[in-house]
Every structure is written in C-alpha cells, then in structure tokens.
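Here is what each chain is made of, one letter per residue.
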Amino acid sequence: MYTWAKVDSMLKDWKSQGLSKPDICVKLANACLGWAYVFGARGDKCTPANMRKWYNAKGKETIKTKCKNFEGAGSCSGCKWYPGGVTLFYDCRGFTYWELLNAAGIKINGAGATTQWEDNSNWSEKGDIANMPKDKVCCTFRWDGKSMAHTLLYDGEGHYIHDSGEVKKTDISKYSATHYAIPKGLYDGPSPEPPTPTPPTPTPPTGKAIVTGKN
C-alpha cells in the first residue's frame, strides 16, 4: 500500500508525462488500493482527528471501531492504513468524485450516488450497464430499486475499482452494477487544429520554343 505522499508524487509525474485523463484515472485508482472507507468522506487524510470529525458528523460506529488510535493518544504505527505515512479515506461516491477531480480536473456534482447519477450535466453519455463501452473508463452505479446504492470506477479493462470497506479491485463478472455514465470532459477535448494545406508544386510549362533571328 502506498502513502498519500507517494501517490501525490506519482500523480504529478503522470501529468508531466502528458498521459491522457483516462489513463491517469486508472493509474491513480490502482495506486489507492487498500485505503480506508469512511461514510461521507471525499479524500480526507486518514488521521485520528479526521476519523473523530466524521464520527461526530455521521455517527457511524464502524468509524470509531476501525480506527485503532481513535482517541489520538497513541500511535498509528502498525495500523493497516498507515504504511509508514498518511493515506486518505473516502466513501464510494467520494472516491469517484476525488478520483475524477484529481486525475482529470472534472468535478462531479451531487451529494450522493443518486444525485450524481441524476445530474445530466455530469455526463456525456449514460445508460444501462449492458450498453457500457467495455474499452472506456467510466463511472458505474448499482440501483437497488429505490436509489443508487453504490458507485464504482470502471477501468476500461474489465475491472471495477471502488471503495467498499476499503478501496478494492473487482472483476466486473463478480459485481452487479446496473448503470454506467461517462464523465463529461474525460474524453471530450478541444478539436484538433485542421492541417495547413500544402500548396501544390507548380508544373513547369511544356511545349516548343521557336527562336527567330540571331537569338
């Protein structure tokens, strides 16, 4: 598992190399594997103080029980989410929100998975999972009959990367997503400049030359 400092450094390198937005999204998601889940979070640093903040805001007992140094009186050393440095935590829609914002500069509107899905200004294309283009990075959702219960990042290579307990990678055959949506701006870009036309090479004149007189 990487620390946030390491991932941030790699992210800057990927951007300096001029990689595409979808490629950076996938690389960034894979670099975060193993990081923690906290309900409501969108990429907070995994510290006892931030765990307490979200526990006080959301009241989820798992936040308190999973943090081994919840009171902040001891050390985070030895915690699975402290691999020698600070990591980040999210919930499912917080992970995709953070991913797209940091990898591609795309802000997904909506406080939860359902409102994200329903806001058409977020998406250039969306529909049933059966119609998802298998070679494109996109967000996917699971409808439970009442709301979008979970959201995931599809990597364009047959896997979902999502935060469920912790950030994990799952083969698409092992998770039943129901809908997909391609973020606006992920593949849309400025139109390329049209090529400058090359002027035709002039053809030298041909024919007979008649010389009269002394010349």
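Keep in mind that what you see is a predicted model, and the values were worked out from it rather than measured. Counting restarts for each chain: residues are numbered from 1 in the order of the written sequence. With the structure being a predicted model, the display of local features is reserved for residues of pLDDT at least 70 and the display and counting of side-chain atom pairs for 80 or more, all residues being used for whole-chain, interface and lining totals. In computing side-chain properties, one takes all heavy atoms of the structure into account and sets aside hydrogens as well as water.

Digging into the nonpolar core
Counting residues in hydrophobic clusters, the biggest one holds 35 residues, and the most contacted among them are Val7, Leu28, Cys32, Trp35, Tyr90 and Phe141. Counting from the N terminus, the helices are the DSSP runs of H or I reaching at least four residues and the strands are the DSSP runs of E reaching at least two. Taken together, the elements giving at least two residues each to this core come down to helix 1 (4-16), helix 2 (21-31), strand 3 (88-90), helix 5 (92-104), helix 6 (113-118), strand 5 (138-143) and strand 6 (148-154). In contact with Trp35, not counting residues within four places along its chain, are Met1, Tyr2, Thr3, Trp4, Val7, Trp81, Thr87, Leu88, Tyr90, Asp163, Glu166 and Val167. Formed by eleven residues, the second largest nonpolar core is a distinct cluster that contains Ala41, Cys67, Phe70 and Phe89. Among buried residues, those of type Ala, Val, Leu, Ile, Met, Phe, Trp, Tyr and Cys that are joined through side-chain atoms within 4.5 Å constitute a nonpolar core. Relative accessibility thresholds used throughout: buried, under 20% of the residue-type maximum; exposed, over 50%; partly exposed, between the two (1.4 Å probe, protein chains only). Should any heavy atoms of two residues lie within 4.5 Å, those residues are considered in contact.

Details of the sheet that holds strand 3
Within the open sheet, the three strands sit side by side as 1-3-2. Their pairing is mixed. Each of the sheet's edge strands pairs with one partner strand only, and the pair in question is strand 1 (36-37) and strand 2 (42-45). Relative to strand 3, strand 1 runs parallel, the two sharing two bridges. Across the sheet, residue Ala36 finds its bridge partner in strand 3, namely Phe89. This element, helix 3 (residues 48-58), spans strand 2 and strand 3 of the sheet and lies at about 135° to strand 2. Each pair of strands is called paired provided DSSP finds at least two bridges between the two strands. Axis definition: a line fitted to C-alpha atoms, limited for helices to the stretch in contact. Angles are taken between N-to-C directions and run from 0 to 180 degrees.

Section: the environment of Ser121
Residue position: Ser121 is located in the loop between helix 6 and strand 4 (123-128). When the C-alpha atoms of Ser121 and Asn109 are compared, they prove to be 8.1 Å apart, with twelve residues separating the residues in sequence. Once residues within four sequence positions are removed from consideration, Ser121 is found in contact with Asn109 and Lys184. Among the polar contacts made by the side chain of Ser121, one reaches the side chain of Asp119 at a distance of 2.5 Å. Polar contact criterion, stated in full: a pair of N or O atoms within 3.5 Å, where within protein one must be able to donate a hydrogen and the other to accept it, and residues adjacent in sequence count only if both atoms are side-chain atoms.

Topic: the pattern of salt bridges
Pairs can form between side chains of opposite charge once their charged atoms are near each other. Salt bridges are identified by distance alone: a Lys or Arg side-chain nitrogen within 4 Å of an Asp or Glu carboxyl oxygen. A complete count under the given rule lists four salt bridges for this structure. Among the salt bridges present, the one from Asp8 reaches Lys12, with a minimum N-O distance of 3.4 Å. Here Lys12 and Asp8 lie together in helix 1, a separation of four residues that amounts to about one turn. For Asp8, a relative accessible area of 22% puts it in the partly exposed group. Residue classification places Lys12 among the exposed positions, given a relative accessible area of 53%.

Observations concerning the sheet that holds strand 6
Taken together, six strands build an open sheet; the order of strands is 4-9-5-6-7-8 and the sheet is antiparallel. Both outer strands of the open sheet, strand 4 and strand 8 (167-171), are each paired with one neighbouring strand and no more. Sheet twist, expressed as the average angle between the axes of neighbouring strands with direction ignored, equals 30°. Where strand 7 (residues 159-163) lies against strand 8, five bridges are found, and the strand directions are antiparallel. The residue of strand 8 that forms the bridge with His162 is Lys168. The strands touched by helix 5 within the sheet are strand 5, strand 6, strand 7, strand 8 and strand 9 (179-183), with strand 6 carrying the most contacts at an inclination of about 35°.

Points about the side chain of Glu99
Along the polypeptide, Glu99 turns up in helix 5. Every residue in contact with Glu99, bar those within four places of it in the chain, is listed here: Cys25, Leu28, Ala29, Ala104 and Leu153.

Observations regarding the environment of Ala149
For Ala149, the location among the structural elements is in strand 6. Look at Ala149 and you get partly exposed, because its relative accessible area is 32%. When the C-alpha positions of Ala149 and Cys92 are compared, they lie 9.3 Å apart, and in sequence the two are 57 residues distant. The contacts of Ala149, once residues within four sequence positions are left out, are Arg142 and Asp144.

Concerning the packing of aromatic side chains
Aromatic pairing here means that ring centres of Phe, Tyr or Trp (its six-membered ring) are within 6.5 Å. Orientation follows from the plane angle: under 30 degrees is stacked, over 60 is edge-to-face, and everything else is tilted. All chains considered together, the criterion is met by eight aromatic pairs. With centroids separated by 5.8 Å and ring planes inclined at 70°, the aromatic side chains of Trp4 and Trp98 adopt a geometry described as edge-to-face. In this pair, Trp4 is assigned in helix 1 and Trp98 in helix 5, connecting sequence segments 94 residues apart. Here the aromatic cluster, defined as three or more aromatic residues joined through ring pairs, consists of Trp4, Tyr90, Phe95 and Trp98.

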